[in-house]
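Working through the structure, step by step
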Amino acid sequence: AQSVTQLDSHVSVSEGTPVLLRCNYSSSYSPSLFWYVQHPNKGLQLLLKYTSAATLVKGINGFEAEFKKSETSFHLTKPSAHMSDAAEYFCVVSETGGGNKLTFGTGTQLKVEL
Amino acid sequence: EPEVTQTPSHQVTQMGQEVILRCVPISNHLYFYWYRQILGQKVEFLVSFYNNEISEKSEIFDDQFSVERPDGSNFTLKIRSTKLEDSAMYFCASSAETSNQPQHFGDGTRLSIL
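This write-up is about the structure you can find in this document.

Cut-off values and rules
Residues numbered from 1 in each chain as written. Chains lettered and ligands numbered in written order. Predicted model: local features only at pLDDT ≥ 70, side-chain atom pairs only at ≥ 80, totals over all residues. Heavy atoms only, no water. Core = buried A, V, L, I, M, F, W, Y, C linked by side-chain atoms within 4.5 Å. Buried < 20%, exposed > 50% of the residue type's maximum accessible area, 1.4 Å probe, protein only. Helix = DSSP H or I, 4+ residues; strand = E, 2+ residues; numbered from the N terminus. Contact = heavy atoms within 4.5 Å. Buried area = accessible area lost by both parts, 1.4 Å probe. Salt bridge = Lys/Arg side-chain N within 4 Å of Asp/Glu carboxyl O. Polar contact = N/O pair within 3.5 Å; in protein donor to acceptor, adjacent residues only side chain to side chain. Nonpolar A, V, L, I, M, F, W, Y, C, P; charged D, E, K, R; others polar. Pairing = 2+ DSSP bridges. Axes fitted to C-alpha atoms, helices over the stretch in contact; angles between N-to-C directions.

What follows deals with the nonpolar core. In terms of nonpolar packing, the biggest core is built from 26 residues, with Trp35, Leu48, Phe74, Leu76 and Tyr89 of chain A touching the most fellow members. Top contributing element to this core by residue count: strand β10 (residues 87-95) of chain A, with 4 residues. The next biggest cluster of nonpolar side chains, apart from the first, holds 23 residues, and it includes Cys23, Ile26, Ile38 and Phe65 of chain B.

Now for the interface of chain B and chain A. Contact with chain B, which involves 18 residues of that partner, is made by 20 residues of chain A. Each partner contributes to the roughly 1700 Å² buried at the junction of chain B and chain A, and carbon and sulfur atoms together form 53% of this total. Viewed at the interface, chain A and chain B are joined by 2 salt bridges. Ionic pairing is found between Lys42 of chain A and Asp107 of chain B, a salt bridge with its closest N-O pair at 3.5 Å. Applying the counting criterion to the chain B and chain A interface returns 4 residue pairs in polar contact (both at pLDDT 80 or more). Mapped by element, the contributors of at least two residues to the side of chain B that touches chain A are β4 (31-37), β5 (43-50) and β9 (88-95) of chain B. It is β4 of chain B that provides the largest number of residues to the side of chain B that touches chain A, a total of 4 residues. A per-class count over the side of chain B that touches chain A returns 8 nonpolar, 7 polar and 3 charged.

Next up on the list: the sheet that holds strand β3 (residues 19-24) of chain B. All names here are of chain B. The antiparallel open sheet is built from 4 strands, whose spatial order is β1-β3-β8-β7. Looking along the sheet, the strands with just one partner apiece sit at the ends: β1 (5-7) and β7 (65-68). Each neighbouring strand pair of the sheet contributes to a mean axis angle of 20 degrees, computed without reference to strand direction. Direction of pairing for β7 relative to strand β8 (residues 75-79): antiparallel, over a ladder of 4 bridges. Note that in β8 the partner of Phe65 across the bridge is Ile79.

This part takes up the pairing of strand β1 (residues 3-6) of chain A. Residues and elements named next belong to chain A. Across the two faces of β1 the burial differs, with Val4 and Gln6 buried and Ser3 and Thr5 not buried at all. Both β1 and strand β4 (residues 23-26) contribute to a ladder of 4 bridges, which runs antiparallel. In the sheet register, Thr5 faces β4, and the bridge partner there is Asn24.

So this is what it looks like as C-alpha coordinates:
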(Lines give C-alpha, C1' and ligand atoms only; values in the text may rest on other atoms or scores of the structure.)
Protein backbone atom coordinates (compact mmCIF):
# COMPACT_ATOMS: atom_id res chain seq x y z
CA ALA A 1 0.00 0.00 0.00
CA GLN A 2 1.16 3.51 -0.73
CA SER A 3 0.69 6.64 1.34
CA VAL A 4 1.95 10.18 1.61
CA THR A 5 2.34 12.44 4.63
CA GLN A 6 2.64 16.17 4.22
CA LEU A 7 4.07 17.39 7.47
CA ASP A 8 2.73 20.94 7.40
CA SER A 9 -0.84 21.92 6.61
CA HIS A 10 0.11 25.62 6.35
CA VAL A 11 3.41 27.33 5.54
CA SER A 12 3.89 31.08 5.53
CA VAL A 13 6.97 32.79 4.02
CA SER A 14 7.96 36.29 3.04
CA GLU A 15 8.39 37.14 -0.62
CA GLY A 16 11.99 36.55 -1.70
CA THR A 17 12.74 33.98 1.04
CA PRO A 18 13.17 30.22 0.51
CA VAL A 19 10.26 27.79 0.45
CA LEU A 20 10.35 24.29 1.95
CA LEU A 21 7.30 22.03 1.79
CA ARG A 22 7.87 18.66 3.41
CA CYS A 23 6.64 15.28 2.22
CA ASN A 24 7.30 11.71 3.35
CA TYR A 25 6.05 8.69 1.49
CA SER A 26 5.44 5.02 2.04
CA SER A 27 5.40 2.55 -0.82
CA SER A 28 5.72 -1.21 -1.26
CA TYR A 29 7.13 -0.85 -4.76
CA SER A 30 9.37 1.57 -6.60
CA PRO A 31 7.40 4.78 -6.34
CA SER A 32 6.81 7.56 -8.78
CA LEU A 33 6.45 10.84 -6.90
CA PHE A 34 4.86 14.08 -7.99
CA TRP A 35 4.13 17.53 -6.72
CA TYR A 36 0.96 19.21 -7.94
CA VAL A 37 -0.19 22.77 -7.27
CA GLN A 38 -3.77 23.98 -7.04
CA HIS A 39 -4.57 27.67 -7.31
CA PRO A 40 -7.99 28.84 -6.09
CA ASN A 41 -10.85 27.59 -8.30
CA LYS A 42 -8.42 25.89 -10.65
CA GLY A 43 -7.43 22.32 -11.38
CA LEU A 44 -4.31 20.46 -10.33
CA GLN A 45 -1.20 21.48 -12.24
CA LEU A 46 1.88 19.27 -12.35
CA LEU A 47 4.96 20.97 -10.87
CA LEU A 48 7.45 18.13 -11.19
CA LYS A 49 7.85 14.35 -11.16
CA TYR A 50 10.34 11.75 -9.98
CA THR A 51 10.38 8.40 -11.77
CA SER A 52 13.68 6.73 -10.73
CA ALA A 53 16.00 8.83 -12.85
CA ALA A 54 17.96 11.71 -11.23
CA THR A 55 17.17 12.15 -7.54
CA LEU A 56 17.12 15.95 -7.81
CA VAL A 57 14.18 16.92 -9.96
CA LYS A 58 13.62 20.36 -11.42
CA GLY A 59 10.13 21.55 -12.15
CA ILE A 60 8.30 24.59 -13.40
CA ASN A 61 8.41 28.06 -11.84
CA GLY A 62 11.77 27.49 -10.15
CA PHE A 63 10.63 24.62 -7.93
CA GLU A 64 12.69 21.50 -7.34
CA ALA A 65 12.48 18.41 -5.16
CA GLU A 66 14.98 15.84 -3.96
CA PHE A 67 14.14 12.15 -3.66
CA LYS A 68 15.86 10.65 -0.61
CA LYS A 69 15.19 6.93 -0.37
CA SER A 70 16.97 6.55 2.98
CA GLU A 71 14.66 9.16 4.51
CA THR A 72 11.60 8.26 2.38
CA SER A 73 11.25 11.96 1.68
CA PHE A 74 10.47 14.12 -1.33
CA HIS A 75 10.57 17.70 -0.08
CA LEU A 76 9.70 20.59 -2.39
CA THR A 77 11.90 23.69 -2.39
CA LYS A 78 12.25 27.02 -4.11
CA PRO A 79 15.09 29.49 -3.43
CA SER A 80 12.96 32.63 -3.55
CA ALA A 81 9.20 32.80 -3.09
CA HIS A 82 7.00 34.95 -5.28
CA MET A 83 3.52 36.23 -4.48
CA SER A 84 2.15 34.12 -7.34
CA ASP A 85 3.36 30.95 -5.56
CA ALA A 86 0.57 31.26 -3.00
CA ALA A 87 -1.54 28.13 -3.53
CA GLU A 88 -2.15 24.64 -2.20
CA TYR A 89 0.55 22.05 -2.91
CA PHE A 90 0.00 18.31 -3.00
CA CYS A 91 2.62 15.59 -2.74
CA VAL A 92 1.46 12.52 -4.66
CA VAL A 93 2.70 8.95 -4.99
CA SER A 94 2.06 6.30 -7.60
CA GLU A 95 3.47 2.79 -7.45
CA THR A 96 5.34 1.57 -10.51
CA GLY A 97 3.79 -1.72 -11.47
CA GLY A 98 0.92 -1.08 -9.11
CA GLY A 99 -1.35 0.61 -11.61
CA ASN A 100 -1.69 4.29 -12.22
CA LYS A 101 -3.72 5.20 -9.14
CA LEU A 102 -2.45 8.40 -7.52
CA THR A 103 -2.46 8.73 -3.74
CA PHE A 104 -2.54 12.32 -2.55
CA GLY A 105 -1.26 13.93 0.61
CA THR A 106 -3.53 16.21 2.56
CA GLY A 107 -1.97 19.31 1.02
CA THR A 108 0.07 22.27 2.25
CA GLN A 109 -1.35 25.75 1.93
CA LEU A 110 1.48 28.14 1.06
CA LYS A 111 1.02 31.78 2.00
CA VAL A 112 3.45 34.38 0.68
CA GLU A 113 3.58 37.73 2.45
CA LEU A 114 5.12 41.00 1.38
CA GLU B 1 -0.58 23.21 -24.58
CA PRO B 2 -3.35 20.59 -24.74
CA GLU B 3 -5.51 20.36 -21.65
CA VAL B 4 -8.27 18.34 -20.06
CA THR B 5 -11.63 20.11 -20.10
CA GLN B 6 -14.54 19.41 -17.78
CA THR B 7 -18.17 20.50 -17.97
CA PRO B 8 -20.08 21.86 -16.23
CA SER B 9 -17.91 23.81 -13.82
CA HIS B 10 -20.69 23.71 -11.22
CA GLN B 11 -23.64 21.31 -11.02
CA VAL B 12 -26.47 21.60 -8.52
CA THR B 13 -28.74 18.55 -8.24
CA GLN B 14 -31.52 17.36 -5.98
CA MET B 15 -30.77 14.33 -3.84
CA GLY B 16 -31.84 11.12 -5.57
CA GLN B 17 -31.39 12.53 -9.05
CA GLU B 18 -28.95 11.21 -11.61
CA VAL B 19 -26.03 13.37 -12.64
CA ILE B 20 -23.50 13.05 -15.46
CA LEU B 21 -20.16 14.81 -15.28
CA ARG B 22 -18.35 15.25 -18.56
CA CYS B 23 -14.68 15.34 -19.47
CA VAL B 24 -12.70 15.69 -22.66
CA PRO B 25 -9.24 14.17 -22.05
CA ILE B 26 -6.11 15.14 -23.96
CA SER B 27 -6.54 13.70 -27.44
CA ASN B 28 -3.64 11.24 -27.63
CA HIS B 29 -3.99 9.97 -24.06
CA LEU B 30 -5.13 6.42 -23.39
CA TYR B 31 -5.64 6.30 -19.61
CA PHE B 32 -8.50 8.15 -17.96
CA TYR B 33 -9.32 8.76 -14.32
CA TRP B 34 -11.80 10.31 -11.95
CA TYR B 35 -10.92 11.70 -8.54
CA ARG B 36 -12.95 13.62 -6.02
CA GLN B 37 -12.20 16.09 -3.26
CA ILE B 38 -14.76 16.60 -0.53
CA LEU B 39 -14.47 20.08 0.95
CA GLY B 40 -11.63 20.18 3.47
CA GLN B 41 -10.46 16.65 2.70
CA LYS B 42 -7.78 15.14 0.51
CA VAL B 43 -8.13 14.26 -3.16
CA GLU B 44 -9.32 10.64 -3.47
CA PHE B 45 -9.03 8.21 -6.36
CA LEU B 46 -12.31 6.90 -7.74
CA VAL B 47 -11.62 4.94 -10.91
CA SER B 48 -9.21 4.40 -13.77
CA PHE B 49 -10.22 3.42 -17.29
CA TYR B 50 -8.19 1.96 -20.13
CA ASN B 51 -9.06 0.22 -23.37
CA ASN B 52 -12.78 0.74 -22.79
CA GLU B 53 -12.91 -0.91 -19.43
CA ILE B 54 -12.32 -0.11 -15.78
CA SER B 55 -8.78 -1.04 -14.79
CA GLU B 56 -9.04 -0.14 -11.10
CA LYS B 57 -11.63 1.33 -8.76
CA SER B 58 -11.73 2.39 -5.16
CA GLU B 59 -14.22 1.32 -2.52
CA ILE B 60 -15.92 4.70 -2.97
CA PHE B 61 -16.84 3.69 -6.53
CA ASP B 62 -19.88 1.56 -5.71
CA ASP B 63 -22.82 0.50 -7.87
CA GLN B 64 -24.17 4.06 -7.92
CA PHE B 65 -21.20 5.12 -10.02
CA SER B 66 -20.40 4.29 -13.63
CA VAL B 67 -18.00 5.57 -16.27
CA GLU B 68 -18.25 5.55 -20.00
CA ARG B 69 -16.35 6.66 -23.05
CA PRO B 70 -19.31 7.11 -25.40
CA ASP B 71 -17.26 8.36 -28.35
CA GLY B 72 -13.64 9.06 -29.24
CA SER B 73 -13.37 12.22 -27.19
CA ASN B 74 -15.64 12.25 -24.13
CA PHE B 75 -15.24 10.45 -20.80
CA THR B 76 -18.18 10.61 -18.41
CA LEU B 77 -18.88 9.86 -14.77
CA LYS B 78 -22.48 9.05 -13.89
CA ILE B 79 -23.89 8.98 -10.39
CA ARG B 80 -27.22 7.18 -10.58
CA SER B 81 -28.97 8.32 -7.41
CA THR B 82 -27.10 11.12 -5.74
CA LYS B 83 -26.69 11.42 -1.98
CA LEU B 84 -25.79 14.44 0.11
CA GLU B 85 -22.34 12.97 0.73
CA ASP B 86 -21.63 12.97 -3.02
CA SER B 87 -21.18 16.74 -2.80
CA ALA B 88 -17.56 17.34 -3.77
CA MET B 89 -15.23 18.63 -6.46
CA TYR B 90 -14.78 15.96 -9.12
CA PHE B 91 -11.59 15.96 -11.17
CA CYS B 92 -11.01 14.16 -14.43
CA ALA B 93 -7.46 13.29 -15.47
CA SER B 94 -5.73 11.61 -18.36
CA SER B 95 -2.28 10.25 -19.06
CA ALA B 96 -0.28 8.95 -21.99
CA GLU B 97 0.69 5.39 -22.60
CA THR B 98 3.03 4.32 -19.83
CA SER B 99 2.33 4.10 -16.13
CA ASN B 100 5.16 6.56 -15.35
CA GLN B 101 3.57 9.36 -17.31
CA PRO B 102 2.05 12.10 -15.15
CA GLN B 103 -1.68 12.60 -15.07
CA HIS B 104 -3.05 15.87 -16.39
CA PHE B 105 -6.07 17.23 -14.58
CA GLY B 106 -9.05 19.31 -15.58
CA ASP B 107 -10.29 22.27 -13.55
CA GLY B 108 -12.97 20.12 -11.91
CA THR B 109 -16.74 20.09 -11.58
CA ARG B 110 -18.15 21.25 -8.27
CA LEU B 111 -21.15 19.02 -7.52
CA SER B 112 -23.61 20.29 -4.94
CA ILE B 113 -26.38 17.94 -3.80
CA LEU B 114 -29.40 19.60 -2.14
